[in-house]
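Residue-level structure breakdown
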Amino acid sequence: MNSEIKRQLKYFNERYEEVICSPQLKWNVKYQTLDLEDYTPIIAIKDLLDNNYVVCAIPNEEVKFLLCQLHRTDKVLAEYDSLESMVEDGWCMGT
């Protein structure tokens, strides 16, 4: 496992262990399409609390500094069986 994957796993683990808000993710090029250009990928708070590894998208105009999206949106981009699978597929924490 390379150092960037280890670093991202650490960042994600921190978000799943102490749920404060919905993390915003950097776009994974595998899932970024023209119809989603005005969206930001996130993980909903309920998915964090339930240890679900689901990335969904929210319209950019709804994104705030501290995003509190309780439930996943209807724009589910990807679902995984583990955090490792999600990170290995290319998802990273946003800046």
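Each value, and the rule that gives it
Residues numbered from 1 in each chain as written. Predicted model: local features only at pLDDT ≥ 70, side-chain atom pairs only at ≥ 80, totals over all residues. Heavy atoms only, no water. Helix = DSSP H or I, 4+ residues; strand = E, 2+ residues; numbered from the N terminus. Contact = heavy atoms within 4.5 Å. Salt bridge = Lys/Arg side-chain N within 4 Å of Asp/Glu carboxyl O. Buried < 20%, exposed > 50% of the residue type's maximum accessible area, 1.4 Å probe, protein only. Pairing = 2+ DSSP bridges. Axes fitted to C-alpha atoms, helices over the stretch in contact; angles between N-to-C directions. Patch = residues over 30% accessible without salt bridge, like charges linked within 9 Å, V, L, I, M, F, W, Y side chains within 5 Å. Areas by Shrake-Rupley, 256 points an atom, 1.4 Å probe, with all protein chains shown as cover. Lys, Arg positive; Asp, Glu negative; His and termini not counted. Charge placed at Lys NZ, Arg CZ, Asp CG, Glu CD.

**Here we look at the environment of Ala57**
Note that Ala57 resides in strand β3 (residues 53-59). As for Ala57 and Trp27, which are separated by 30 residues in sequence, their C-alpha atoms are 9.9 Å apart. Leaving out residues up to four positions away in the same chain, Ala57 has contacts with Tyr39, Thr40, Pro41, Thr73, Lys75 and Leu77.

**Describing the pattern of salt bridges**
Using the criterion set out here, one finds five salt bridges in the structure. When the shortest N-O distance is used, the salt bridge between Asp47 and Arg72 registers 2.6 Å. In this pair, Asp47 sits in helix α2 (residues 45-49) while Arg72 sits in the loop between β3 and β4 (76-80), placing the two residues 25 residues apart along the sequence. Accessibility expressed as a relative area gives 4% for Asp47, which makes it buried.

**Quick notes on the sheet that holds β3**
Judged by pairing direction, the sheet is antiparallel, and its three strands sit side by side in the order β2-β3-β4 without closing on themselves. Looking at strand neighbours, the two that pair on one side only are β2 (39-42) and β4, the edges of this open sheet. The mean inter-strand angle of the sheet, taken between neighbouring strand axes irrespective of direction, is 20°. In the sheet, β3 pairs with β4 via four bridges, with the strands oriented antiparallel. Within the sheet, the bridge partner assigned to Tyr53 lies in β4 and is Tyr80.

**Overview of a negative patch on the surface**
A cluster of acidic residues, Asp35, Glu37, Asp38, Glu61 and Glu62, forms a negative patch at the surface. Take Glu61: it is sitting in the loop between β3 and β4.

**Concerning unusual backbone geometry**
In the Ramachandran plot, Asn51 falls in the positive-phi region, its phi being about 55° despite a non-glycine side chain. Relative to the helices and strands, Asn51 resides in the loop between α2 and β3.

**Notes on the pairing of β3**
When you tally the buried positions in β3, you get seven out of seven residues, the bulk of the element. The alternating pattern of β3 places Tyr53, Val55, Ala57 and Pro59 and Val54, Cys56 and Ile58 on opposite faces, both of which are buried. In this structure, β2 lies alongside β3, joined through four bridges in antiparallel fashion. Each residue of the ladder has a partner; that of Thr40, found in β3, is Ile58.

**Describing the environment of Tyr31**
Residue placement: Tyr31 occurs in the loop between β1 (25-26) and β2. A sequence separation of ten residues divides Tyr31 from Pro41, and the C-alpha atoms of the two residues are 9.7 Å apart. Setting aside residues up to four positions removed in sequence, Tyr31 forms contacts with Leu36, Leu77, Ala78, Tyr80, Asp89 and Trp91.

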